[in-house]
Amino acid sequence: MAGLVSAANLGGVADPRLGNEADIIGTSKEHSDAPPIYDVHSGIPPPVIQGSKSIYLDSSITFENYRYWAIRSREVEKHIRTDNKGLSVWKNKLLRRKITDGNDAPTAPSTPPGQSEKTNADVSSDPPNSQACDNYGVSEQEWETAQRAARTATWGSVFYLITTDILGPNNVPYAISRMGYGPGFALYTVLGGFALYSGMQLWNIFVGLDSTRFPMRNYGDMAFRIFGKWAQFLVNILQSFQFFLNVTLLIVSNGQGLAQMVAGVNNTGGFLCFIAAEVIFMVIGFVLGQIRTLQNLGWLANLAIWLNIIVIITTMAVVYEFPPNYSAVETSFGITKGPIVTSAGWPSGYKLEDNVNAMMNAVFAYGGATLFTELMAEMRRPYDFWKAMICAEIFIYVCYLVNGMVVYHAQGQFVYNPAYEGIPNTSAAAYRYQTLGNALSFITGVIAALLYGNIGIKVFYSAVCHDIFHFPPLEKRIGKWIWVVLVPIYWILAWIVAGAIPQISNLSSFVGAACILQFSYTFPPILLVGYHVQRDAILPEEEFDPVTGVAQRVDSGFKRWVRGYKKRFLWNTFDVFYCLAALSLAGLGIWASVISMNTSFNSGRLTSFTCANPAS
């Protein structure tokens, strides 16, 4: 894969088409020593970076400009081969098909009789001056070739990446234990369906606004092109906040796991203070976090998903062999040892906030939409993304339900979160399985935290430090020293939050409500409304000049937005209500998670910066 951050299934926002700068997240790299090579009248597409001005921050580029070049790019991509890239190579080998390993230029359609043949570069409607060159000899065809060079992913490859990103069902059994079989099945089905619908919305926007002239990199770019700089800033800040809380969750879960491994069978081994275990994970994080470039770490991220699958299968296999981890459940949830009970409907004994927290853990499970834009940015034919998304969502949905139902049936109300820590250490055999889950999860946790932290710092630095306070770019010498200082500060702050709130389920619920729900359910419908309104407001008599990029509009402002909204009134209205419903659910989730955190602290079972392991 070209973009190893997104290949790492962690929602990276690097542009895979920026070569060695793929890890510079959203920054406008400054080339003050080199003159710009773009002349707006030449018909040459602007470079990604233009002096100190980035096309990703240029609000003068019109919606019509994005649309024109997106349509042109989609036309060219129709003739691009994918059978010699990615998973298709192996499929052809298995079927013993012969493929030609030539260049990846678009294959020209057959020429109608009476017409002269055109080159591959001419298969689409060529814009004016497409062969013109700037003063450095860069033609538009050469620019497009360079932009497409790193688009290597096929829809089969993206199916794998979506699966690795979203597939993380260790909290699914806990969620179902608070909802029961019926409501759990219904909720995961409904949320899965709406997650698919939201993904289709993001796909619709991407294929309508992304092009080789104006390549789209991340979620923030999508918000910027529809609503402007304020929307991009909001998305980038929230995305950075989500990554920060993800690191916090990893510190809590892996601190618990490390303390469990040291405890031994029936706690007869050693003793490691829980907060000290979190410190160990934190130190590992900010030491490895000094690795600023992640381009060579993609294989680690792909290894992580296979280790996670081993943990999931092992957990399902052994939960029927050993009793639940009663002590951990009592410490964290206040549920005392007793007979295992399952329920077809809503289980009795839980409050509204408990049910809502379970729903937010389900939302957390479908939190992959943050990554979709980055994955489409790597595809040779972004239009094919819908195939990968549908197949991946069906596969993930089945895995979630099977894993959740199996573990819930075995442990009932005593399901722990994460599920593998719900295996007790009451015997040598059980301790071995518990340690296997903890050890493999510790490895994947380090990989995930490294990448989450790296991306989170870069997004925050770009959106706040660079764009608002005009800090130097991270690739500059001063920027590299700032990075050295920021990494330990970031990890120490994450450790403080983790130590203050050692509650995985409630913290997951908060992250799901405050962050993940927005990217998966709130933002996509309102972005699509904005996209449809601007597209449908364009009148036939309005002209757009692709050479200058200027659109001649007959009106502007509120009148234009009303005209565009009325064109798809029912669809737009449904999406507005969908967005508002998601916002309401987010508010309910934040309330429930905060109330549950407060209740847990007031009960005295868990305290901030505790030495006692919540999972023992």
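Since the model is a prediction, treat every value here as computed from it, not as a measurement. (Residues numbered from 1 in each chain as written. Predicted model: local features only at pLDDT ≥ 70, side-chain atom pairs only at ≥ 80, totals over all residues. Heavy atoms only, no water.)

**Side note on the overall build of the protein**
Then, number 1: Looking only at helices and strands, the protein has 20 helices and four strands in total.
Then, number 2: Burial analysis of the protein (616 residues in total) assigns 57% to the buried set.
Then, number 3: Accessible surface computed for the protein: about 24,700 Å², of which carbon and sulfur atoms make up 65%. (Helix = DSSP H or I, 4+ residues; strand = E, 2+ residues; numbered from the N terminus. Buried < 20%, exposed > 50% of the residue type's maximum accessible area, 1.4 Å probe, protein only. Areas by Shrake-Rupley, 256 points an atom, 1.4 Å probe, with all protein chains shown as cover.)

**Quick word on helix H17 (residues 477–500)**
Then, number 1: For H17, built from 24 residues, the straight-helix expectation of 34 Å at 1.5 Å per residue is met to within 8% by its first-to-last C-alpha distance of 36 Å.
Then, number 2: If you check which residues of H17 are buried, you get Gly479, Ile482, Trp483, Val487, Tyr490, Trp491, Ala494, Trp495, Ala498 and Gly499.
Then, number 3: On its buried face, H17 sits against helix H9 (229–263), helix H10 (274–288) and helix H16 (428–466). (Expected span 1.5 Å × (residues − 1). Contact = heavy atoms within 4.5 Å.)

**With respect to the state of the cysteines**
Then, number 1: On inspection of all chains with the given rule, the structure shows one disulfide.
Then, number 2: Here Cys273 is linked by a disulfide to Cys611, with a sulfur-sulfur distance of 2.1 Å. Taken together, the positions of Cys273 in the loop between H9 and H10 and Cys611 in the segment after helix H20 (569–603) put the pair 338 residues apart, joining distant regions of the chain.
Then, number 3: Among the residues examined, Cys273 registers a relative accessible area of 17% and is labelled buried. (Disulfide = S-S within 2.5 Å.)

**With respect to the packing of aromatic side chains**
Each pair of aromatic rings is reported with the distance of its centres and the angle of its planes.
Then, number 1: By the definition in use, this model includes 30 aromatic pairs.
Then, number 2: Summarising the aromatic geometry, the rings of Tyr188 and Tyr400 are spaced 6.1 Å apart at their centres and angled 65° between planes, so their arrangement reads as edge-to-face. Taken as a pair, Tyr188 in helix H7 (residues 181–209) and Tyr400 in helix H15 (residues 385–411) lie far apart in primary sequence, 212 residues in all.
Then, number 3: Given the relative accessible area of 0%, Tyr188 is considered buried.
Then, number 4: When the centroid spacing of 5.4 Å and the interplanar angle of 75° are considered together, the rings of Tyr366 and Tyr400 count as edge-to-face. Here Tyr366, found in the loop between helix H13 (352–365) and helix H14 (369–376), pairs with Tyr400, found in helix H15; they are 34 residues apart in sequence, far enough to count as distant. Considered together, Tyr366 and Tyr400 belong to a single accessibility category, that of buried residues. (Phe/Tyr/Trp six-rings, centres within 6.5 Å; stacked < 30°, edge-to-face > 60°.)

**Some details on the side chain of Ser177**
Then, number 1: Following the sequence through the fold, Ser177 ends up in helix H6 (residues 172–177).
Then, number 2: Among the residues examined, Ser177 registers a relative accessible area of 1% and is labelled buried.
Then, number 3: Here the side chain of Ser177 touches Tyr174 through a polar contact of 2.6 Å, landing on its backbone oxygen.
Then, number 4: Non-local contacts of Ser177, meaning those with residues more than four positions away in its chain, are made with Pro347, Tyr350, Tyr408, Gly412 and Val415. (Polar contact = N/O pair within 3.5 Å; in protein donor to acceptor, adjacent residues only side chain to side chain.)

**A word on the nonpolar core**
As a rule of thumb, nonpolar side chains are buried together in soluble globular proteins.
Then, number 1: Within the largest apolar cluster, 117 residues are counted, with the highest numbers of intra-cluster contacts made by Ile162, Tyr188, Phe385, Trp491 and Tyr521.
Then, number 2: The element contributing the most residues to this core is helix H18 (residues 504–536), with 14 residues.
Then, number 3: Not counting the four nearest positions on each side in its chain, Tyr188 is found in contact with Val172, Ala175, Ile176, Met179, Asn361, Ala362, Ala365, Tyr366, Tyr397, Tyr400 and Leu401. (Core = buried A, V, L, I, M, F, W, Y, C linked by side-chain atoms within 4.5 Å.)

**A few points about the pattern of salt bridges**
Then, number 1: If you walk through the whole model with that rule in mind, you get 13 salt bridges.
Then, number 2: Note that Glu64 is salt-bridged to Arg560, the shortest N-O span being 3.6 Å. Taken as a pair, Glu64 in helix H2 (residues 63–77) and Arg560 in helix H19 (residues 558–567) lie far apart in primary sequence, 496 residues in all. Neither residue differs from the other here; Glu64 and Arg560 are each classed as buried.
Then, number 3: Members of the salt-bridge network, linked through shared partners, are Glu64, Glu542, Arg553, Asp555, Arg560 and Arg563. (Salt bridge = Lys/Arg side-chain N within 4 Å of Asp/Glu carboxyl O.)

**Comments concerning the confidence of the model for the protein**
Then, number 1: Across the protein, the average pLDDT comes to 79, with 77% of residues at or above 70.
Then, number 2: Residue range residues 1–52 is modelled with pLDDT below 50. Its contacts to residues more than four positions away, or to other chains, number 168 contacts. (pLDDT = per-residue confidence, 0-100.)

**Some points on the environment of Ile457**
Then, number 1: Structurally, Ile457 is set in helix H16.
Then, number 2: Residue class for Ile457 comes out buried when judged on its relative accessible area of 5%.
Then, number 3: If sequence neighbours within four positions are ignored, Ile457 has contacts with Trp483, Leu486, Val487 and Tyr490.

**Looking at H14**
Then, number 1: Of all the eight residues making up H14, eight are buried; the element is thus mostly covered by neighbouring parts of the structure.
Then, number 2: Buried within H14 are the following residues: Ala369, Thr370, Leu371, Phe372, Thr373, Glu374, Leu375 and Met376.

**Thoughts on unusual backbone geometry**
Then, number 1: Asn417 connects to Pro418 through a cis peptide bond whose omega is 5°.
Then, number 2: Assignment of secondary structure puts Pro418 in the loop between H15 and H16.
Then, number 3: If you check the backbone angles, His470 has positive phi at about 60° while not being a glycine.
Then, number 4: Classification of His470 as exposed rests on a relative accessible area of 65%.
Then, number 5: Of note in the backbone geometry, Phe609 takes a positive phi value of approximately 50° without being a glycine.

**A short note on the environment of Leu202**
Then, number 1: With respect to the helices and strands, Leu202 occurs in helix H7.
Then, number 2: For Leu202, a relative accessible area of 0% gives the class buried.
Then, number 3: Expressed as a C-alpha distance, the spacing of Leu202 and Ser520, which sit 318 residues apart in the sequence, is 9.6 Å.
Then, number 4: Here Leu202 is in contact with Tyr219, Met222, Ala369, Phe372, Met376 and Pro524, once residues within four sequence places are set aside.

**A closer look at the packing of H9 against H16**
Then, number 1: Direction vectors running N to C along H9 and H16 enclose 155°, while the axes themselves pass 7 Å from each other. Comparing their axes, H16 and H9 come out roughly antiparallel. For the pair H9 and H16, the sense of crossing is left-handed.
Then, number 2: Each residue belonging to the contact of H9 with H16 can be placed in one class, and the counts come to 18 nonpolar, 14 polar and no charged. (Axes fitted to C-alpha atoms, helices over the stretch in contact; angles between N-to-C directions. Parallel < 35°, antiparallel > 145°, perpendicular 65-115°, else oblique. Left-handed = near helix turned anticlockwise from the far one by under 90°. Nonpolar A, V, L, I, M, F, W, Y, C, P; charged D, E, K, R; others polar.)

**Some details on the side chain of Asn65**
Then, number 1: Relative to the helices and strands, Asn65 resides in helix H2.
Then, number 2: Those residues within four positions of Asn65 in sequence are excluded, and the remaining contacts are Phe214, Phe544 and Gly549.

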